[in-house]
Amino acid sequence: MSKTRGGVSLPPFFTLSAFETIDSTNIHARKLGDEGALEGQLIWSLRQEQGVGRRGRDWSSPEGNLYCSVLLRPGCSASEGAKLSFLVAAAMRRAIAPHLPAPDGLSLKWPNDLLINQKKLVGILLESKSNAEGILDWLVIGTGVNVASFPKQTNGLSATSLRAEGGRMSLETLLEDYAFNLLALYEQWKNEGFEPIRQEWLAHAHGLQKKITVRLPHEEFSGIFKDIDPSGALVLRQEDGTTRLVTAGEVFF
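Quantities reported herein were computed from a predicted structural model and do not represent experimental measurements. (Residues numbered from 1 in each chain as written. Predicted model: local features only at pLDDT ≥ 70, side-chain atom pairs only at ≥ 80, totals over all residues. Heavy atoms only, no water.)

Asker: What's the story with the sheet that holds strand S16 (residues 250–252) in this structure? I'm lost.
Answerer: The strands making up a sheet associate through hydrogen bonds between their backbones, and the pairing can be parallel or antiparallel. The antiparallel open sheet is built from five strands, whose spatial order is S15-S14-S13-S12-S16. Strands at the two margins of the open sheet, each flanked by one partner only, are strand S15 (243–246) and S16. Each adjacent strand pair in this sheet contributes to an overall mean axis angle of 45°, direction not counted. Sheet topology note: the strand S12 (residues 211–216)/S16 ladder contains three bridges and is antiparallel. Note that in S16 the partner of Val 214 across the bridge is Val 251. (Pairing = 2+ DSSP bridges. Helix = DSSP H or I, 4+ residues; strand = E, 2+ residues; numbered from the N terminus. Axes fitted to C-alpha atoms, helices over the stretch in contact; angles between N-to-C directions.)

Asker: I would appreciate a short explanation of the packing of aromatic side chains in the present structure.
Answerer: Each pair of aromatic rings is reported with the distance of its centres and the angle of its planes. Inspection of the entire model under this criterion finds five aromatic pairs. Ring centres 5.0 Å apart and planes at 90° place the aromatic pair Phe 13 and Phe 14 in the edge-to-face group. Residue Phe 13 is classed as partly exposed on the basis of its relative accessible area, which comes to 22%. You can call Phe 14 buried: its relative accessible area is 4%. Here Tyr 186 and Trp 189 contribute two aromatic rings whose centre-to-centre distance is 5.9 Å and whose plane-to-plane angle is 10°, an arrangement assigned as stacked. (Phe/Tyr/Trp six-rings, centres within 6.5 Å; stacked < 30°, edge-to-face > 60°. Buried < 20%, exposed > 50% of the residue type's maximum accessible area, 1.4 Å probe, protein only.)

Asker: What should I look at first to understand the nonpolar core in this one?
Answerer: What tends to happen in soluble globular proteins is that the nonpolar side chains get buried as a cluster. Core analysis: the largest hydrophobic core is formed by 64 residues, its most contacted members being Ile 96, Leu 162, Leu 174, Tyr 178 and Trp 201. Not counting chain neighbours up to four residues away, the residues in contact with Leu 162 comprise Ile 96, Leu 100, Ile 116, Leu 121, Val 145, Asn 146, Val 147, Gly 167, Met 169 and Leu 174. If you look at the next biggest cluster of nonpolar residues, it comprises eight residues, including Ala 29, Ala 37, Ile 43 and Leu 71. (Core = buried A, V, L, I, M, F, W, Y, C linked by side-chain atoms within 4.5 Å. Contact = heavy atoms within 4.5 Å.)

Asker: Sorry, what's going on with the pairing of strand S6 (residues 106–109) here?
Answerer: Within a regular strand, side chains alternate between the sheet's two faces. Neither face of S6 is open: one carries Leu 106 and Leu 108, the other Ser 107 and Lys 109, and all of them are buried. As defined by bridge partners, S6 adjoins strand S7 (residues 113–116) across four bridges and the pair is classed as antiparallel. Across the sheet, the residue bridging to Leu 106 is Ile 116, located in S7. The hairpin turn running from S6 into S7, its antiparallel successor, is three residues long.

Asker: What exactly am I supposed to notice about the pairing of strand S3 (residues 15–22) here?
Answerer: Looking at chain direction, S3 and strand S4 (residues 41–48) are connected through seven bridges and run parallel. Bridge pairing in S4 links Thr 21 to Arg 47. Handedness of the β-α-β unit built from S3, helix H1 (residues 25–34) and S4 comes out right-handed. (Right-handed = clockwise from strand over helix to strand, strands pointing away.)

Asker: For this particular structure, what's the right way to read the side chain of Glu 165?
Answerer: With respect to the helices and strands, Glu 165 occurs in the loop between strand S11 (157–158) and helix H4 (171–192). As a buried residue without a salt bridge, Glu 165 has its nearest oppositely charged side chain in Lys 119, at a separation of 4.4 Å. Separated by 3.2 Å, the side chains of Glu 165 and Asn 117 make a polar contact. Setting aside residues no more than four positions away along its own chain, Glu 165 makes contact with Leu 100, Pro 101, Ile 116, Asn 117, Lys 119 and Thr 160. (Lys, Arg positive; Asp, Glu negative; His and termini not counted. Salt bridge = Lys/Arg side-chain N within 4 Å of Asp/Glu carboxyl O. Polar contact = N/O pair within 3.5 Å; in protein donor to acceptor, adjacent residues only side chain to side chain.)

Asker: I tried to follow the environment of Leu 87 on my own but got confused; where do I start?
Answerer: Take Leu 87: it is sitting in helix H3 (residues 84–96). When its relative accessible area of 2% is taken as the criterion, Leu 87 is described as buried. Sequence separation between Leu 87 and Ala 159 is 72 residues; the distance between their C-alpha atoms is 22 Å. Sequence-distant contacts of Leu 87, defined by excluding residues within four places in its chain, comprise Leu 182, Leu 185, Tyr 186, Trp 189 and Ile 197.

Structure (structure tokens):
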């Protein structure tokens, strides 16, 4: 382990850049990716001025919460790299669960959120750049965790924070635990593929085997959330008995 600024202990895989304030940890990580930085760059800031969530939504970034981004170079296609969002969600769940009085309430929402008691706790944003052969040049994984505070609502979901749910852990501890679990699962993914990650994610999936609603830009439909397939697509059984694969969209319960 190596000690970094702020006394954070991380595996040697990671190189930490810590900031008081930054425009966005993802923006900085993307810049490092374009400059040729090695994978394992970890950007952490106490505040963000331009935090962004999925689909370009603003991400409220007051001090007291965790904002970080990791630069990876997995050497795979963009479609394979997209599956790492499930890996990140599983890693963050591993990091948070031991610090909650009731960890069973912590669940994973397709495609890449964490909930506590059906309230949003964590958001995950993947951004990538591919080369001319379609292989990822870099993949940036940004995470925002509501530790001390939370917005009233995030895209129709109620939100919450670790403190509001009885969790007691410092930002440094959360960052350390996340990094260790992320590296462990990343190495497992490189050695064993997506299937073990898929199984772990499904073991904590929110709404599995229950009726959900999927909202697309120009369509909304419902069905039973049956599975996620090897590509990471949500498997939905519709009322007429047919199966529909959902590769993108917003899920509501």
